[in-house]
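Notes for the structure review
Listed below are the residues making up each chain.
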Amino acid sequence: MSIKENILDIKAHLPNHVTLVAVTKTKPISDLIEAYEAGERIFGENKIQEMSEKWEALPKDIQWHMIGHVQTNKVKFMTPFVSLIHGVDSLKLLAEINKQARKNERVIDCLLQMHIAEEETKFGMNEEELASLLSSEAFQEMKNIRVVGLMGMATFTDNKDQIKKEFTHLKSIFDGLQSVKKDNFNLKILSMGMSGDYQLAIECGSTMVRIGSSIFGNRNY
Ligand SMILES: *Cc1c(COP(=O)(O)O)cnc(C)c1O
């Protein structure tokens, strides 16, 4: 199937409350144009340099989501245009985003990435780190960021029960924080689910799925 057919097919099967992020990392501009022409307006990239180049080349009504791990020293290159940063996993990174957003006179929406997988290597915070971030004075004072949701990645495994357990865990953290509302904190988005596990993620409460290979085919790194 073509990129266009894949997008239309996936969108036709997503519940209304679930947003699709088309993950375009490593893919050529021509693929992104095809997705754009199919009506897709939200693209996810995991490298700031690559995202910036594509942002420059493409129509300006596209929303760019940074879904990868972000290095503090590179934040400034995306603050003029990024629409949502999924992988925020430290107060230090949030502080840098806040600082750069202030310079750009913007308020930037962020998701806090939680570590839910078994693997050691996946980025993200645990619940203790999340609690300490939220209660810190530095966070209270940040006016140029808004934490609008949580993001997580399940373990890379065929074991559906395990994936389900991890997604359900993230959903329970998300639900537990619904009572917390501040100017810079109001959880509405739960970003979980990729090509291999997004249906399961939606069953477990996902409101935003990040899909790459099921739209654009496998990536050759
Ligand atoms: C690459 C990537 C995806 C998309 O993965 P697919 O399996 O190709 O759908 C989703 N989320 C993150 C964080 C990624 O880096």
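My aim in this report is to walk through the structure given alongside it, one point at a time. Computed from a prediction, not measured in an experiment: that's the story for all the values here.

**Regarding helix H5 (residues 127–135)**
Listed as buried for H5 are Leu130, Leu133 and Leu134. Down the axis of H5, the sector holding all buried residues measures 95°, keeping them to one side. Counted as exposed and oriented over 90 degrees from the buried face of H5: Glu128 and Ser135. The secondary structure elements touched by the buried residues of H5 are helix H4 (91–103), strand S5 (108–114), helix H6 (137–140), helix H7 (160–176) and strand S7 (185–191). Backbone nitrogen of Glu128 and a side-chain oxygen of the N-cap are separated by 3.1 Å at the start of H5; the cap is Asn126.

**Examining the packing of aromatic side chains**
All chains considered together, the criterion is met by three aromatic pairs. Consider the rings of Phe43 and Trp64, whose centres lie 5.6 Å apart with planes at 70°: the pair is edge-to-face. With Phe43 in strand S2 (residues 42–45) and Trp64 in strand S3 (residues 63–66), this residue pair connects regions lying 21 residues apart in the sequence. When the ring of Phe139 is compared with that of Phe185, the centres are 6.3 Å apart and the planes differ by 85°; the resulting orientation is edge-to-face. Separated by 46 residues along the polypeptide, Phe139 in helix H6 and Phe185 in strand S7 bring together distant segments of the chain.

**With respect to the side chain of Gln113**
By the secondary structure assignment, Gln113 is in strand S5. Apart from residues no more than four positions distant in its own chain, Gln113 is found in contact with His86, Gly87, Val88, Asp89, Phe123, Gly124, Met125, Met151 and Met153.

**Quick word on the environment of His86**
The topology assignment puts His86 in strand S4 (residues 84–88). You can call His86 buried: its relative accessible area is 0%. C-alpha of His86 to C-alpha of Val148: the two residues are 62 residues apart in sequence and 9.8 Å apart in space. With residues near it in sequence (within four places) discarded, His86 still touches Val21, His65, Met66, Ile67, Leu111, Leu112, Gln113, Met151, Ser191, Met208 and Arg210.

**Regarding unusual backbone geometry**
You will see that Thr26, though not glycine, has its phi angle at about 70°, which is positive. Within the secondary structure, Thr26 sits in the loop between strand S1 (19–23) and helix H2 (29–37).

**A few points about the site of the ligand**
Around the ligand, a shell composed of Val23, Lys25, Ile67, Met151, Met153, Met194, Ser195, Arg210, Ile211, Gly212, Ser213 and Arg219 is seen. Between the ligand and Arg210, the relevant distance is 2.8 Å, taken from a nitrogen atom to a side-chain nitrogen or oxygen of the residue. A distance of 2.7 Å separates an oxygen atom of the ligand from a polar side-chain atom of Arg219. Considering only residue class, the shell around the ligand consists of six nonpolar, three polar and three charged.

Cut-offs applied
- Residues numbered from 1 in each chain as written.
- Predicted model: local features only at pLDDT ≥ 70, side-chain atom pairs only at ≥ 80, totals over all residues.
- Heavy atoms only, no water.
- Buried < 20%, exposed > 50% of the residue type's maximum accessible area, 1.4 Å probe, protein only.
- Helix = DSSP H or I, 4+ residues; strand = E, 2+ residues; numbered from the N terminus.
- Arc of directions from axis to C-beta.
- Contact = heavy atoms within 4.5 Å.
- Polar contact = N/O pair within 3.5 Å; in protein donor to acceptor, adjacent residues only side chain to side chain.
- Phe/Tyr/Trp six-rings, centres within 6.5 Å; stacked < 30°, edge-to-face > 60°.
- Near = heavy atom within 4 Å.
- Nonpolar A, V, L, I, M, F, W, Y, C, P; charged D, E, K, R; others polar.

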